[in-house]
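# Residue-level structure breakdown
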Amino acid sequence: MLELEKEWPLSDGAVMMVRHGLRICAADANEYKLIFLDTGDSVPLFPYDRNLQKPVAAVYNEGEFLLVTATPQGLGLGVFISQNGEPIRGTLEWSAIPRSLAFHFPYVAALLSSGKIEVHNVINQQRVQTLILPSGMRSHVMEEATFDLELSADAAGTIKILVAGANSVIGLKMMPLRQQVDELLLAERVEQAIELGEHIMMSGGDSAESNAAQLKKLYERAGMVYFRKTMFDNALEQFKRARIDPDVLTALFPGMGRVRPPEEDEPELETPSEETLDTVVNLFLEKEYGSETSQTALLKGVLVENAKTMIGSYLRHVRDNCSQEDVRRERIDMCLLRIYLTMDSSVLHAFLLEDHAFELEPAKELLVEAERYFALNVLLQSCGRLADVVEIYRRLAIGEVTDPDYPGVDSVIELLRHLDDATLVLEATTWLLNIDLPLTVEFLIDRIDNLYSKEEVATQLRNHSKAAYIMFLERMAKDLDAKNAAYHTELAILYIDRVGELGDDDAFHKTEELYHNTEPRPTFETYLSRNDDPLSSARVALLAFIHSSTLWDASTVLEKLRDWKYLRSEQALALAKTGEDERVLALYLDMRDYVSAETYCMQKPIDLRTPLLTRLLHFYLEAGDTMALPARRLMKKHHRTLDLIDVLEAIPDAWSVIFVSEFLVSSMRATRHEYNTGRVVRALARGENFKAQARLVHQQTHNIEPIIISNMGAQCAVCGRVIADPTVFMRFPSGQLAHLHCGKETKSAAL
């Protein structure tokens, strides 16, 4: 017998309602509402158009309701509402307005006004099937079957939903959910298979251990589907979720080896034993692109690299979750090494710099076998085997072994910069000097004081070669010991010796002949700098050093230069340091380097410039008619410096006025200009003197006597500041001193 427990008045009535627990979803003539049986409250949800539809609602899952509404176009929409009246999940869409709903996890079937049944997956709100009812059947209601219905032996599935018409009932059978998961995986609809599988496990009645095992199997299979589709990032995610046995994946990479110890059984593989990464990629490319082309070959390389990155990431994931005592760590690291040996060098080098569990010797054998010597050095250096590193660098540097990753001598030098083993560094620099002399010399000099003494470096470089020692002295003379005259002198001598080794008198004579035939003729040093032969370069270096340095010993250098007849430009520069001007000019004239001779004269102070230019002119004139043009050019260029009378007395009587007219006109014009300038200056001076005298007369008429201060520390009696030259001062009758402007402003009788 039924008994009434409680009544809830509904002011607007209800034309439809469904209940779950303490919640009722009802609809009046205009809107849906949610009624709370525990409190009696009623919450409006949303309106519907009764001209378009009748209200339809159904219970799904624990405390969820699905409510039907419609669009003006006659389409149906399904809105999920939580037990608190909040919208959840997504929205279902139907091609017509539903008349009835029925649920069977994870599907909702809707009986439409158009005579169709549409089935949606509630998990992702996707339509999965559309059924058309038999013609002539007018269906009224659809409900989930709450009892088992027997099927014939050959029928697949079980009836889960019933559709009732006026004269008949139709059953909708459904394939078992686990079989649906299998079908979805075969169809490569992985996301749907995973969602369905996870919901099956969460709502199933199996034990937690059984569900976990089945989920692991599902994730493994999903990962392999992604792998075959070359979606390696997705595959990695599923493999991690499944915690798949690493050997299942290493089996896809021939030659990678096993992670399991040899005594353990082989893992159960989800792939055919003959399936490898290459076969997977080839099948994918053939399926997607057909015949092989250059583009597919390029794409294959990219896909293979991505697959290797994926397996490497998974193996790292497994290793990071292993304990330090796990024997698999060593084998995983060896597998990773085998993978990275076939990949980009930067990936391999980064891996070798990490902490490893593998033994050094097996890894070393792999790297040597693959001829990855630079990578081997990265590993050895991380293990502190520095002597072995230096030896491998030596073999790479001399070409005994090759490796395209070897960056060159710079990497060796960079390593040595951080070593404090003087013996090891000395051994390395011994062969480095034969490969890159400038770089090695620079390195040795940089290590002075923190590893070697200056004398030790000098001895090593002197014993190696003269070129190495010259580089050492150049750096000493320039930066580190710039004021050491001995270094400067020794460097100059070595420069001279190098010039002597590169040439002889015939070579020097030939160079001068070519210089004499050059028009227009520059300085000899400029001419040498335009040549790129070793002898010219050596002479330019010697000349530049004699120019720039002032610390070399002149007598020693000149004594050395006297051994070489044709090094006259060098001798001239060296003599210039001793002040032997006439010998310098004579050497330049012997070389016909007139530009250098004139430049030398112009570099002298003004009081010496005119006598030197005059002497140079006499040198030209004493040489006879062959030097007439250089003499004329000198006179014209330096008409302001040369004395007109001295020039007129020196030039030959046979020279015509026309020949020297340019000099005469320029010189007379300059002389006249200087005369006029002097007159202007004198006139200005006289004017200034007149002004000064006028000021003095003015001061005397006012009984103020100007004076000249001998004591420059005297203070002004008016302002108190020090009286400093060149101010005009005055003295009062009392004998006190003051600035002129201060004295004019005061009228004190005391002063």
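Summarised in this report is the structure supplied together with it. (Residues numbered from 1 in each chain as written. Predicted model: local features only at pLDDT ≥ 70, side-chain atom pairs only at ≥ 80, totals over all residues. Heavy atoms only, no water.)

### Here we look at the pairing of strand β9 (residues 98-104)
When you tally the buried positions in β9, you get six out of seven residues, the bulk of the element. Looking at chain direction, β9 and strand β10 (residues 107-112) are connected through six bridges and run antiparallel. Bridge pairing in β10 places F103 opposite V108. Counting the residues between successive antiparallel strands, the hairpin from β9 to β10 contains two residues. (Buried < 20%, exposed > 50% of the residue type's maximum accessible area, 1.4 Å probe, protein only. Helix = DSSP H or I, 4+ residues; strand = E, 2+ residues; numbered from the N terminus. Pairing = 2+ DSSP bridges.)

### Things to note about the pairing of strand β7 (residues 76-81)
In this sheet, β7 lies alongside strand β6 (residues 64-70) in antiparallel orientation, the contact comprising six bridges. Note that in β7 the partner of L67 across the bridge is V79. For β7 and strand β8 (residues 87-94), the ladder comprises six bridges, and the chain directions are antiparallel. The residue bridging L77 from the neighbouring strand is E93, located in β8. Where β7 hands over to β8, the hairpin turn is made up of five residues, of which G85 adopts a positive phi near 85°.

### With respect to the sheet that holds β7
Spatially, four strands are ordered β5-β6-β7-β8 in an open sheet, and the strand pairing comes out antiparallel. Sheet topology places β5 (57-60) and β8 at the edges, where each strand pairs with a single neighbour. Going across the sheet, the axis of each strand differs from the next one's by a mean of 25°, ignoring polarity. (Axes fitted to C-alpha atoms, helices over the stretch in contact; angles between N-to-C directions.)

### A short note on the state of the cysteines
A complete count under the given rule lists zero disulfides for this structure. Take C716: it sits in no disulfide, and the sulfur closest to it among the cysteines is that of C719, at 3.6 Å. Between C742, a free cysteine, and C716, which holds the nearest cysteine sulfur, the sulfur-to-sulfur gap is 3.9 Å. (Disulfide = S-S within 2.5 Å.)

### What to know about the packing of helix α12 (residues 386-397) against helix α14 (residues 422-432)
For the pair α12 and α14, interaxial distance at closest approach is 11 Å and the crossing angle is 0°. Relative to α14, the element α12 is oriented roughly parallel. Side by side, α12 and α14 meet where L386, A387, V390, Y393, R394 and A397 of the first sit next to L424, A428 and W431 of the second. Across the contact of α12 with α14, the residue classes break down as eight nonpolar, no polar and one charged. (Parallel < 35°, antiparallel > 145°, perpendicular 65-115°, else oblique. Contact = heavy atoms within 4.5 Å. Nonpolar A, V, L, I, M, F, W, Y, C, P; charged D, E, K, R; others polar.)

### Some points on the packing of aromatic side chains
Counting across every chain of the model gives 17 aromatic pairs. Ring centres 5.2 Å apart and planes at 80° place the aromatic pair Y515 and F524 in the edge-to-face group. Grouping aromatic residues by their ring pairs yields a cluster made of Y32, F46 and Y48. Geometry around Y515 places R521 over its ring, the cationic atom sitting 5.8 Å from the centre. (Phe/Tyr/Trp six-rings, centres within 6.5 Å; stacked < 30°, edge-to-face > 60°. Lys NZ or Arg CZ within 6 Å of the ring centre and 35° of its normal.)

### Points about the sheet that holds strand β2 (residues 23-27)
Strand order in this open sheet of four strands is β1-β2-β3-β4, and the pairing throughout is antiparallel. Each edge of the open sheet carries a strand with a single partner, namely β1 (16-20) and β4 (42-47). The sheet shows a mean angle of 20° between the axes of neighbouring strands, taken without regard to direction. In this sheet, β2 lies alongside β1 in antiparallel orientation, the contact comprising five bridges. Across the sheet, the residue bridging to H20 is R23, located in β2.

Such coordinate-based values are descriptive only and should not be taken to indicate function.
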